[in-house]
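# Structural description and commentary
Residue strings, one per chain:
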Amino acid sequence: MTDAPDYMREMSQRMVGGTPQSAALGFRFVSVAHARGSLEVPWREDLVGDPDTGVIAGGVVTSLLDHTCGMAMAAAAGAEPFSTATLDLRIDYMRPAAPRAGVIAEAHCYKLTRTIGFVRAEAWDVDKSDLIATAQAAFVLNRPHT
Amino acid sequence: MSDDAAQQLETFLQRVPYVRFLGMHAELAGDEMTAVLPFADHLVGNTFLPALHGGVIGAFLEMTALAQLSIAQPSARVHKTIDITIEYLRPGRALTSYARADLRKVGRRIANVHVEAWQDDRSQPFAALRGHFLLSSDS
C-alpha cells in the first residue's frame with residue numbers, strides 16, 4: 001500500500017477527514033491501492049444500535065461500507081476530476097459485531113466502465129475470515145469534461 | 001392500541017443511542033408512523049452540493065423499518081437486520097427528510113419491509129429500501 005500514487009492518498013485523506021459524516025463517525029484510513037480501499041470505524045458509546053449488548057449500529061456499518069465502496073470507486077477512477085453517486089447498495093448482515101468492537105471494511109471496484117462502477121465490500125470486527133457484513137454496490141461516474 | 005403503539009415507539013427511539021446520533025424522531029397518527037430526520041451538518045457526505053451521506057440515508061431508512069417493526073411486533077429486544085437493498089433516486093438535499101415503512105409481510109420469524117423517503121415532495125421520493133428482518137421474541 002506504500003506505493004499508492006499521491007493523488008490516491010490525497011483523495012483518501014479528503015474522504016476520511018473532509019467528509020462531515022465520516023469525521024462525525026470517526027472513520028480512520030487503513031489503506032488504498034488501485035481500485036481498492038479500506039477504512040475502519042472504532043467503537044463508540046453513541047454509535048450503539050442494541051443497548052442490551054453494546055453492539056455497534058447496523059447504520060454505522062452501512063455508512064462505513066458505502067464510504068469504503070466510494071473510496072474504491074475513486075481509487076479506480078484515476079487522477080482526472082470526477083464525481084460519483086450511489087445507484088444502489090445491498091448489504092447482507094451475517095452476524096452482529098462483537099460487543100464494544102469497532103468495524104473494518106475493505107472494498108474493491110472490480111469493474112469500471114465509462115459511466116458505471118461495480119463494487120464489492122466486506123466488513124469484519126476481529127477476524128477477516130469471520131465477516132459481519134458484505135455489500136454490493138453500483139455507482140454512476142460523472143466526469144465534467146465529457 | 002394507539003397509546004401502546006406510541007409507547008412502543010418512544011421506548012425504541014429512546015433506547016437506541018445511534019437514533020440520537022442521527023437526530024431522528026418519529027410521529028404517529030393512529031398506526032401510521034412517519035420518521036423524521038432533520039438536516040444536520042454531521043450527516044453530510046458531499047459538501048459541494050451539499051447532500052446527505054448515502055450511508056446516513058440507508059441508516060435512516062433501516063431505522064424507520066426497525067421503528068415500524070417495534071410497533072407491529074413489540075419486543076424487549078431489538079429486531080435484527082438480515083439484508084437491505086437501498087436505492088438512491090435523487091440526492092438527499094440539506095432539508096428535513098421523512099420516511100414511511102410498509103410491512104409487506106410479517107411472518108413468525110421474518111419480516112419483509114419496504115421504506116420510502118422524501119423531502120419537500122411526497123411524490124418525489126429520494127431513496128427507497130427493501131429489506132428482511134429477523135424478529136426477536138421476548139422469550
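Above this note sits the structure.
Residues numbered from 1 in each chain as written. Chains lettered and ligands numbered in written order. Predicted model: local features only at pLDDT ≥ 70, side-chain atom pairs only at ≥ 80, totals over all residues.

### A look at the overall build of chain B
So the rule is basically this: The secondary structure listing takes helices from DSSP runs of H or I that are at least 4 residues long and strands from runs of E that are at least 2 residues long, numbered from the N terminus. Atoms considered for the radius of gyration are the C-alpha atoms alone. The globule rule reads 2.2 Å times the number of residues to the power 0.38. In this scheme the burial state of a residue depends on its C-beta neighbours within 10 Å: 20 or more other such atoms mean buried, 12 or fewer mean exposed, and anything in between means partly exposed; the C-beta positions come from the backbone. Residue pairs qualify as contacts under a 7 Å threshold applied to their C-beta atoms, which are placed from the backbone.
In terms of helices and strands, chain B carries 3 helices and 8 strands. Its C-alpha radius of gyration of 14 Å places chain B within 12% of the 14 Å reference for a compact globule of 139 residues. Considering only C-alpha atoms, chain B reaches an extent of 50 × 25 × 25 Å along its principal axes. Relative to its full complement of 139 residues, chain B shows a buried share of 42%. A separation threshold of at least 6 residues defines the contact pool for chain B, and within that pool the share at least 24 residues apart is 62%.

### What about the packing of helix α1 (residues 6-17) of chain A against helix α3 (residues 58-77) of chain A?
The axes of two packed helices give the description: the angle between them and the distance between them. All names here are of chain A. Here is the rule we go by: Fitted lines through C-alpha atoms give the axes, limited to the stretch in contact for helices. The angle between two N-to-C directions lies from 0 to 180 degrees. Any angle that is under 35 degrees is reported as roughly parallel, and any over 145 degrees as roughly antiparallel; angles of 65 to 115 degrees are reported as roughly perpendicular and all others as oblique. By definition, turning the near helix anticlockwise from the far helix through less than a right angle yields a left-handed crossing, and turning it clockwise yields a right-handed one.
α3 packs onto α1 with a crossing angle of 155 degrees between their chain directions and a minimal axis gap of 10 Å. Our classification of the angle between α1 and α3 gives roughly antiparallel. Pair α1 / α3 crosses with right-handed handedness. Contacts from Met8, Met11, Ser12 and Met15 in α1 reach His67, Met71, Ala74 and Ala75 in α3.

### Some words on the nonpolar core
Worth spelling out the cut-off: Buried Ala, Val, Leu, Ile, Met, Phe, Trp, Tyr and Cys residues form a nonpolar core when they are connected through C-beta atoms within 7 Å.
The biggest cluster of nonpolar side chains holds 85 residues, and the ones touching the most others in it are Leu64, Leu65, Val103 and Ala123 of chain A together with Phe60, Leu61 and Ala117 of chain B. Looking at this core element by element, the count peaks at 12 residues for α3 of chain A. Excluding its chain neighbours within four sequence positions, the residues that come into contact with Val103 of chain A are Glu40, Val41, Ile56, Val61, Leu64, Ala97, Ala123, Asp125 and Ile132 of chain A.

### Regarding the interface of chain A and chain B
Rule in force here: Each residue is assigned to one class: nonpolar for Ala, Val, Leu, Ile, Met, Phe, Trp, Tyr, Cys and Pro, charged for Asp, Glu, Lys and Arg, and polar for all the others, Gly among them. One requirement defines pairing of two strands: DSSP has to find at least two bridges between them.
Listed as interface residues are 29 residues of chain A and, on the opposing side, 30 residues of chain B. When contributions to the side of chain A that touches chain B are tallied by element, the ones reaching two or more residues are α2 (20-25), β3 (48-50), α3 and β5 (83-93) of chain A. For the side of chain A that touches chain B, the element with the most residues is β5 of chain A, which contributes 9 residues. Within the side of chain A that touches chain B, the residues separate by chemical class into 12 nonpolar, 9 polar and 8 charged. When β5 of chain A meets strand β5 (residues 80-88) of chain B, the two strands line up antiparallel, connected through 5 bridges. When the sheet's bridge partners are listed, Leu89 of chain A is paired in β5 of chain B with Ile86 of chain B.

### As for the environment of Arg95 of chain A
All names here are of chain A. Mapped onto the fold, Arg95 is located in the loop between β5 and β6 (103-112). Using a count of 12 C-beta atoms within 10 Å as the deciding quantity, one classes Arg95 as exposed. For Arg95 and Phe82, which are 13 residues apart along the polypeptide, the C-alpha to C-alpha distance reads 36 Å.

### With respect to the pairing of strand β2 (residues 32-37) of chain B
Residue and element names in this part refer to chain B. Across the two faces of β2 the burial differs, with Met33, Ala35 and Leu37 buried and Glu32, Thr34 and Val36 not buried at all. Pairing of strand β1 (residues 25-29) with β2 involves 5 bridges; the strand directions are antiparallel. Residue pairing across strands places Leu28 opposite Met33, the latter belonging to β2. The hairpin turn running from β1 into β2, its antiparallel successor, is 2 residues long, and Gly30 in that turn takes a positive phi close to 65 degrees. Note that β2 and strand β6 (residues 97-106) share 3 bridges and pair antiparallel. Looking across to β6, one finds that Ala35 is bridged to Ala99.

### Structural notes on the packing of α3 of chain A against helix α3 (residues 54-72) of chain B
In contact at an axis separation of 8 Å, α3 of chain A and α3 of chain B are set at 150 degrees when each is read in the N-to-C sense. As far as their axial angle goes, α3 of chain B and α3 of chain A are roughly antiparallel. In the crossing of α3 of chain A with α3 of chain B, the sense of the turn from one axis to the other is right-handed. Counted together, Gly58, Gly59, Thr62, Ser63, Asp66 and His67 of chain A of α3 of chain A and Gly54, Gly55, Val56, Gly58, Ala59, Glu62 and Met63 of chain B of α3 of chain B form the full contact between these two elements. Partitioning the contact of α3 of chain A with α3 of chain B into residue classes produces 3 nonpolar, 8 polar and 2 charged.

Read these as layout, nothing more, since geometry by itself doesn't imply function.
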